[in-house]
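Residues per chain are reported as follows:
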Amino acid sequence: MDILIKNGRILDPSLQKDEIGDLYIKDGKIQKAEKGLETKADRVIDADGCFVMPGLIDIHVHLRDPGQEYKETIESGSAAAAKGGFTTIVAMPNTVPVIDNKDRVSYVKNKAEMVSPIHVIQSGAITVGQKDQEITDIEGMVQAGAGALSEDGKSVMNMKIYREAMKEAARLNVPVLAHCEDKSLAGGGCMNEDEKAKELNLPGICNATEDAIIARDIILAHDTGARLHLCHCSTKGSVEILRQAKQAGYDVTGEVCPHHFTLTTDDISTDNPNYKMNPPLRSEEDKKALIEGLKDGTMDVISTDHAPHGAKEKQGSMRNAAFGIVGLETSVALTMTELVEKGILTPLQMAEKMSYNPAKVLGISKGTLQEGADADVTIIDPKASYKIDKGTFVSKGRNTPFDGKKVKGRVIFTICDGNIVYEYK
Ligand SMILES: [Zn+2]
């Protein structure tokens, strides 16, 4: 099937292009990108008034397969991603068991090829069982298709192992996606350490928990030549440290999740586990710094940290509930509403942070709408205004603090390899 997308606002960060035009897609590739195409096609999409972006890439997703398929499967998670506008996602390795060897990387890769409408890139764990004691077979995992290394869910606290792993990552040219959290400082915290935590009588997590490890990881990466990407930055300090590192010419990038630029600790009015995530919602000052970092380019990527859970993990007190919220189906709307509508990011910058930059971090030739590129395309209606309804989620997870939130901006088409994998109806 060939597709002609007419009169869309074509946003191609790879060319810094933002203009009304058409795209013609055939054989899984973008064949033509110009104005006033008169080509015939099996399917013509009128994209008048809509944003046409390179397919979105979410570099931070938890698919829960193997081991916790009641929370999410590769099939349900990738369908949720397609609905959210994503054509490529990176799956984190903290499953049960952990993705820490080549056979488990192959398991996800093979299953995704069968059941996923989009591209799934698996990341491999850095220590066996994420137990911080023994380095994994990094080369074997990369040969089996692992596109990144990550210990997400925690940090590698053993610096000797981490340094070896970073050397391997540099040698094999894969990025290290770092969850930055000092284990001893995090303790049993379940929200930001502040007045609100005192009021709710809940244990807090201080900013230094993140900042100290961010600084450590940047130093280790610089020492080893590894390409470091900082996951879900939540603090003012993390933005400042990253800004300094970039100014010094270090090869490091960072991401921010929509919940951290949308909410603060003040939005937690009761002890509600749907507001529990790691890192936690921070102060207004932190949120402002993250937004400033996104605006000035310090923060490169918007990722979701999509973390589905069953109802039982998210009931009771925040103290005992699991960390994390779902994000794949709300990310575009929150980014549009909080950043684009408010004039913080241009639509082209949104495409940069949700597609072009994540592709660069991963070292994959995506994130562009140039002729000859893979036909991964996301079409967004920026005028669609509605309330987020968790009942409509394709993900198995319903754990979101955004149910009922008024937003603007909706994914209306997701096209992956030239196939329509999601269409809003
Ligand atoms: Zn994490």
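Model, not experiment: these values are computed from the prediction. (Residues numbered from 1 in each chain as written. Predicted model: local features only at pLDDT ≥ 70, side-chain atom pairs only at ≥ 80, totals over all residues. Heavy atoms only, no water.)

Concerning the domain arrangement of the protein chain
You'll often see interface size given as the accessible area lost when the parts meet.
Now for step 1: Per the domain assignment, the segments of the protein chain are domain 1 (3–51 + 374–423) and domain 2 (55–362).
Now for step 2: Summarising the inter-unit geometry, the C-alpha centres of domain 1 and domain 2 are found 25 Å apart.
Now for step 3: Between domain 1 and domain 2, the residue contacts involve 38 residues of the former and 48 residues of the latter.
Now for step 4: Interface area, domain 1 with domain 2, both sides summed: about 3,400 Å², of which 66% is carbon and sulfur.
Now for step 5: Three residues, K396, N399 and F402, lead the burial of domain 1 against domain 2; their summed loss comes to 20% of the area buried on that side.
Now for step 6: Remark: the boundary between domain 1 and domain 2 carries two salt bridges.
Now for step 7: E338 is the partner of K405 in a salt bridge, and the nearest nitrogen-oxygen pair spans 3.1 Å.
Now for step 8: If you look at where domain 1 meets domain 2, you find 18 residue pairs in polar contact (both at pLDDT 80 or more).
Now for step 9: Where the side of domain 1 that touches domain 2 is concerned, the elements lending two or more residues are β1 (3–12), β16 (377–387), β17 (406–416) and β18 (419–423).
Now for step 10: Broken down by element, the side of domain 1 that touches domain 2 gets its largest block of residues, eight residues, from β17. (Domains from an automatic or database assignment. Contact = heavy atoms within 4.5 Å. Buried area = accessible area lost by both parts, 1.4 Å probe. Salt bridge = Lys/Arg side-chain N within 4 Å of Asp/Glu carboxyl O. Polar contact = N/O pair within 3.5 Å; in protein donor to acceptor, adjacent residues only side chain to side chain. Helix = DSSP H or I, 4+ residues; strand = E, 2+ residues; numbered from the N terminus.)

Observations regarding the coordination of the zinc ion
Now for step 1: Surrounding the zinc ion are the protein donor atoms D152 (OD), H179 (ND1) and H232 (NE2), at 2.0 to 2.2 Å.
Now for step 2: All donors of the zinc ion belong to a single chain; written as a sequence motif, their spacing is D-x26-H-x52-H. Residue D152 is found in the loop between β9 (148–150) and α4 (159–172), and its partner H179 is found in the loop between β10 (176–178) and α5 (183–186); the two are separated by 27 residues along the sequence. (Donors = N, O, S within 2.8 Å, 3.2 Å for Na, K, Ca; no water.)

A look at empty space enclosed by the protein
Now for step 1: One pass over the structure, following the stated rule, counts seven cavities of 30 Å³ or more.
Now for step 2: Approximately 50 Å³ is the volume found for the largest cavity.
Now for step 3: Every residue along the wall of the largest cavity is listed here: H179, C180, E181, I205, T209, E210, H232, N278, P279, P280 and R282. (1 Å grid on protein atoms, 1.4 Å probe; cavity = no way out; pocket = protein on both sides within 12 Å on 5 of 7 lines; lining within 4 Å. Points joined across faces, edges and corners; volume = space filled by probe spheres on them.)

What to know about the packing of helix α11 (residues 331–340) against helix α12 (residues 347–362)
Now for step 1: The interhelical angle for the contact between α11 and α12, taken along N-to-C directions, is 140°, at an axis separation of 11 Å. In terms of orientation, α11 and α12 fall into the oblique class. Crossing hand, α11 versus α12: right-handed. Facing α11, whose interface residues are S331, V332, T335, M336 and V340, α12 presents P347, M350 and M354. (Axes fitted to C-alpha atoms, helices over the stretch in contact; angles between N-to-C directions. Parallel < 35°, antiparallel > 145°, perpendicular 65-115°, else oblique. Left-handed = near helix turned anticlockwise from the far one by under 90°.)

Focus: the layout of surface pockets
Now for step 1: Counted as a void, the largest pocket has a volume near 480 Å³.
Now for step 2: Lining of the largest pocket is provided by 26 residues; of these, N94, G153, K154, H179 and N278 occupy positions nearest its centre.
Now for step 3: A volume near 280 Å³ is recorded for the second largest pocket.
Now for step 4: Listed by contribution, the elements that provide at least two residues to the lining of the second largest pocket are α11, β16 and β17.
Now for step 5: With three residues, β17 is the single largest residue contributor to the lining of the second largest pocket.
Now for step 6: Of the residues assigned to the lining of the second largest pocket, the class counts are nine nonpolar, four polar and five charged. (Nonpolar A, V, L, I, M, F, W, Y, C, P; charged D, E, K, R; others polar.)

Some details on the sheet that holds strand β14 (residues 252–256)
Now for step 1: On the basis of which strands lie adjacent, the open sheet formed by eight strands has the order β6-β7-β8-β9-β10-β13-β14-β15 and parallel pairing. Each edge of the sheet is formed by a strand with only one pairing partner; in this case those strands are β6 (56–61) and β15 (301–302).
Now for step 2: Inspection of the sheet shows strand β8 (residues 119–124) paired to β9 by two bridges, in the parallel sense. The residue bridging G124 from the neighbouring strand is L149, located in β9. (Pairing = 2+ DSSP bridges.)

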